[in-house]
Amino acid sequence: MPTKNRSTLTQFLIEERRKHPDASGDLNALILNVAMACKAIAKAVAFGDLGDVLGDHVAGGGAAQQASVNVQGETQKKLDVLSNDLFIRMNEWSGHLAGMASEEMEMPIDIPARFPRGKYLLVFDPLDGSSNIDVNVTVGSIFGVFRRPGAADAADTPPSGADYLQAGSAQVAAGYALYGPTTMLVLSVGTGVFGFTLDPTLGEFMLTHPNIRVPEQTQEFAINASNSRFWEAPVRRYVDECLAGKTGPRGKDFNMRWIASMVAEAHRIMMRGGVFMYPRDTKDPTKAGRLRLMYEANPIGFLMEQAGGRASTGEFPILGIQPRELHQRIGLVFGSKAEVERIEDYHRNPAAVKDSSPLFAARSLFLSDTP
Ligand code: AHG
Ligand code: MN
Ligand code: MN
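Worth saying up front: this structure is predicted, and the values here are computed from it rather than measured.

Quick notes on the rules
In this convention, every chain numbers its residues from 1, walking through the sequence in written order. Lettering for chains starts from A, numbering for ligands starts from 1, and both go in the order in which the items are written. Predicted model: local features are reported for residues with pLDDT of at least 70 only, side-chain atom pairs are reported and counted for 80 or more only, and whole-chain, interface and lining totals are derived from all residues. Side-chain measures were taken over the full set of non-hydrogen atoms in the model, leaving aside hydrogen atoms and water. Buried, partly exposed and exposed residues are distinguished by accessible area as a fraction of the type maximum, computed with a 1.4 Å probe on protein chains only: under 20%, between the cut-offs, and over 50%, respectively. Labels follow the DSSP assignment, with helices taken as runs of H or I lasting at least four residues and strands as runs of E lasting at least two, numbered in each case from the N terminus. One bridge is not enough; two strands pair if DSSP finds at least two bridges between them. Water is not among the atoms examined, so metal sites may look incomplete; donors are the N, O and S atoms within 2.8 Å of the metal, or within 3.2 Å for Na, K and Ca. Take the buried residues of types Ala, Val, Leu, Ile, Met, Phe, Trp, Tyr and Cys, join any two whose side-chain atoms come within 4.5 Å, and each joined set is a nonpolar core. Contact between two residues is taken to exist if any of their heavy atoms lie within 4.5 Å; hydrogens are not considered.

## Some details on the pairing of strand β17 (residues 332–335)
Every regular strand shows the same layout, with side chains that alternate between the two sheet faces. What you see with β17 is no split at all: L332 and F334 on one side and V333 and G335 on the other are buried throughout. Pairing between strand β13 (residues 275–278) and β17: 4 bridges, direction antiparallel. Paired with M277 across the strands is V333, a residue of β17. As paired elements, strand β15 (residues 310–312) and β17 share 3 bridges and run antiparallel to each other. Bridge assignment links A311 to a residue of β17, and that residue is F334.

Below you can see the structure in the form of structure tokens.
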């Protein structure tokens, strides 16, 4: 197996830190712990049924046994719970974190009293795309790192819930791991996006994808079309124009993908461009969207912007949104910059949508249920 002359993740982080002589190295140590959690999750994922990690997580004993449900009201898979535990265990001890928050936990996780508290906050989706686990399709983990506000004089007290509610633009680092044909870690510390592939024989993430840039030209889009009757007009217009292909207003044919694992779609878009949409829709008026702002949209948004792409609610940049609550949902559109801007444009000009889109009247594949 050729090893070439590649940096390890550790070497990469140390070299990045040398560019900032005042940096303490805490962030690097934190990222290496996150990477360790991801390696442990990758191992569990790779063993699948052999490791007894497939299926729903069951809580309670005897007759009270039932599948557990998280704060989102979603049934937890065994791997959701295991991945969450691994994230907590690999990160709580280090002294670099003031606290953590997870998709799988209703409240933020305080650092146990036996460990020192540090200055960073870690937010994570321990396993994204968990409906794919049992069918052996790519899943991943997503994380973002913030500074605790007023960290210097706050080490004696746990962070408040409000400390976590920072706009995505305040992230100091974000990344995702992908458990696919290879395990990858894709990371940004605010100096571009770098991809690392796990060498399973060394147990090291090796730099394989330096300076990832989201390709600007794209002919691929991703959306769950089963929700089309709930889409708002600007989204319907965008999709209709893609579907119209060469003879439509876009003048080219598009391809469509849907993996049902947002992190895997994000990676495909990092590699070959395209756009991903899980927009706000009218399916459930109590929910602004399907995906979560703090630990899904914000980290992926940070990475997209760092790679020259764009991430948006459809109307506004994701990274500018002031979160109201930890588990807040949001409409999410990201990918190649010009495509996301086009979708934002359609939202800004609803009148133009009506006038210029005859396609979603008679000819649309996705007919509106409103007259
Ligand atoms: P999670 O597994 O963390 O709950 O997130 C799953 C998300 C996301 O990854 C994916 O894009 C979306 O749910 C899939 O939704 P549909 O089932 O509506 O396709
Ligand atoms: Mn998720
Ligand atoms: Mn998840």
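Additional details are given in the paragraphs that follow.
## Quick look at the coordination of the manganese ion (ligand 2)
Binding of the manganese ion (ligand 2) to the protein goes through D125 (OD), D128 (OD) and E296 (OE), at separations of 1.8 to 2.1 Å. In the primary sequence, the donor residues of the manganese ion (ligand 2) line up as D-x2-D-x167-E.

## Observations regarding the nonpolar core
In this structure, F87, L122, F143, V145, L185 and F196 are the most contacted members of the largest nonpolar core, which totals 42 residues. Not counting the four nearest positions on each side in its chain, F87 is found in contact with V34, A37, C38, I41, M100, L122, F124, P126, S141 and F143. Ranked by size, the runner-up nonpolar core spans 33 residues in total, among them M270, F276, A297 and L303.

## What about the coordination of the manganese ion (ligand 3)?
Here the manganese ion (ligand 3) is held by E103 (OE), D125 (OD) and L127 (O), and the distances to it run 2.2 to 2.4 Å. Of note, the donors binding the manganese ion (ligand 3) are all from one chain and are spaced E-x21-D-x1-L. Between the manganese ion (ligand 3) and the manganese ion (ligand 2), both coordinated by D125, there is a metal-metal distance of 3.6 Å. Taken together, the positions of E103 in the loop between β3 (97–102) and β4 (109–110) and D125 in strand β5 (residues 120–128) put the pair 22 residues apart, joining distant regions of the chain. The buried category is assigned to D125, whose relative accessible area is 0%.

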